[in-house]
Amino acid sequence: SFFQTMTENIKGIMKFCGDTRYTAAEFDRASFDISIRGQNKSANNGKGFRSFVNSVTLLAFRKFLDEKGKHQLPVYVIDSPLKNLDVGDLNKDNIKDNFFKYLIVEASKSGQLIIIENTNNFTMTDELKEKANIIEFTHDDNMGRYGFLLDYHD
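Residues numbered from 1 in each chain as written. Predicted model: local features only at pLDDT ≥ 70, side-chain atom pairs only at ≥ 80, totals over all residues. Heavy atoms only, no water.

Draft legend 1. Broad picture of the pairing of strand S2 (residues 33–36). Here four bridges tie strand S1 (residues 25–28) to S2, and the two strands are oriented antiparallel to one another. Across the sheet, the residue bridging to Phe27 is Ile34, located in S2. What sits between S1 and S2 in their antiparallel hairpin is a turn of four residues, with Phe32 showing a positive phi close to 50°. Inspection of the sheet shows S2 paired to strand S3 (residues 39–40) by two bridges, in the antiparallel sense. Each residue of the ladder has a partner; that of Ser35, found in S3, is Asn40. Connecting S2 to the next strand, S3, in antiparallel fashion are two residues, including Arg37 with a positive phi near 55°. (Pairing = 2+ DSSP bridges. Helix = DSSP H or I, 4+ residues; strand = E, 2+ residues; numbered from the N terminus.)

Right under this line is the structure:
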């Protein structure tokens, strides 16, 4: 039932995000990882897509633990889940916005999520910005937050 539940969770998250490849996604027993159309995530896919499906797999596993696990993990950290995302003919902005909507609307119900997005041109819809606590590290004393450590300046 683990593999079936993980596959259902992965498909549900990918569908929520608008990635139409969800119909061919599954959690593979042999590789213990996501596969799409019977191929591992690295086959014919770039780093951005692999990062996206790694994040989807983590969220699917988190959902599994929340629903069936004896203990839940209260905090998850995902590093650059959408950096360099290339989804071919699919609508990248739609997938990106829906991914963050999933994080805010669905995944945040189970505890805290910390997303580290390492890019200078990060965008998010105004609706989602209102629901998220966004901290921008700017290396500027007058805008955003200088850096991770409050009293450190280089």
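Draft legend 2. Structural context of unusual backbone geometry. Despite not being glycine, Phe32 has its phi angle at roughly 50°, a positive value. Note on placement: Phe32 falls in the loop between S1 and S2. With a phi angle near 55°, Arg37 is a residue other than glycine that sits in the positive phi range. Locating Arg37 in the fold gives a position in the loop between S2 and S3. Overall, Arg37 belongs to the exposed group, its relative accessible area being 59%. (Buried < 20%, exposed > 50% of the residue type's maximum accessible area, 1.4 Å probe, protein only.)

Draft legend 3. Molecular detail of the environment of Tyr22. When you line up the elements, Tyr22 lands in the loop between helix H1 (2–17) and S1. Not counting residues up to four positions away in its chain, the partners in contact with Tyr22 are Lys11, Met14 and Lys15. (Contact = heavy atoms within 4.5 Å.)

Draft legend 4. Molecular detail of the packing of aromatic side chains. Evaluated as defined, the whole model comprises 13 aromatic pairs. Where Phe2 meets Phe61, the ring centres are 6.4 Å apart and the plane angle is 80°; that geometry is what we call edge-to-face. Residue Phe2 is located in helix H1, and its partner Phe61 is located in helix H2 (residues 47–68); the two are separated by 59 residues in the primary sequence. Using a relative accessible area of 33% as the deciding quantity, one classes Phe61 as partly exposed. With a centroid separation of 5.8 Å and an interplanar angle of 75°, the aromatic rings of Phe99 and Phe100 are classed as edge-to-face. We note that Phe99, like Phe100, is buried. An aromatic cluster of at least three residues, connected via ring pairs, comprises Phe2, Phe3, Phe27, Phe32, Phe61 and Phe64. (Phe/Tyr/Trp six-rings, centres within 6.5 Å; stacked < 30°, edge-to-face > 60°.)

Draft legend 5. Molecular detail of the pattern of salt bridges. In total, this model carries two salt bridges according to the counting rule given. When the shortest N-O distance is used, the salt bridge between Lys96 and Asp97 registers 3.9 Å. Classification of Lys96 as buried rests on a relative accessible area of 12%. (Salt bridge = Lys/Arg side-chain N within 4 Å of Asp/Glu carboxyl O.)

Draft legend 6. Geometry of a nonpolar patch on the surface. On the surface, Ile135, Phe137, Phe148, Leu149 and Tyr152 cluster together into a nonpolar patch covering about 590 Å² of accessible area. When you line up the elements, Ile135 lands in the segment after helix H4 (126–131). With relative accessibility at 45%, the residue Ile135 sits in the partly exposed group. (Patch = residues over 30% accessible without salt bridge, like charges linked within 9 Å, V, L, I, M, F, W, Y side chains within 5 Å. Areas by Shrake-Rupley, 256 points an atom, 1.4 Å probe, with all protein chains shown as cover.)

Draft legend 7. Fine view of the sheet that holds S1. Strands sit in the order S1-S2-S3 across an open sheet of three strands; the sheet is antiparallel. Each edge of the open sheet carries a strand with a single partner, namely S1 and S3. Strands in contact with H1 are S1 and S2; relative to S1, the strand with the most contacts, it is inclined by about 145°. Sitting on the sheet, H2 touches S1 and S2, and the angle it makes with S2 is about 125°. (Axes fitted to C-alpha atoms, helices over the stretch in contact; angles between N-to-C directions.)

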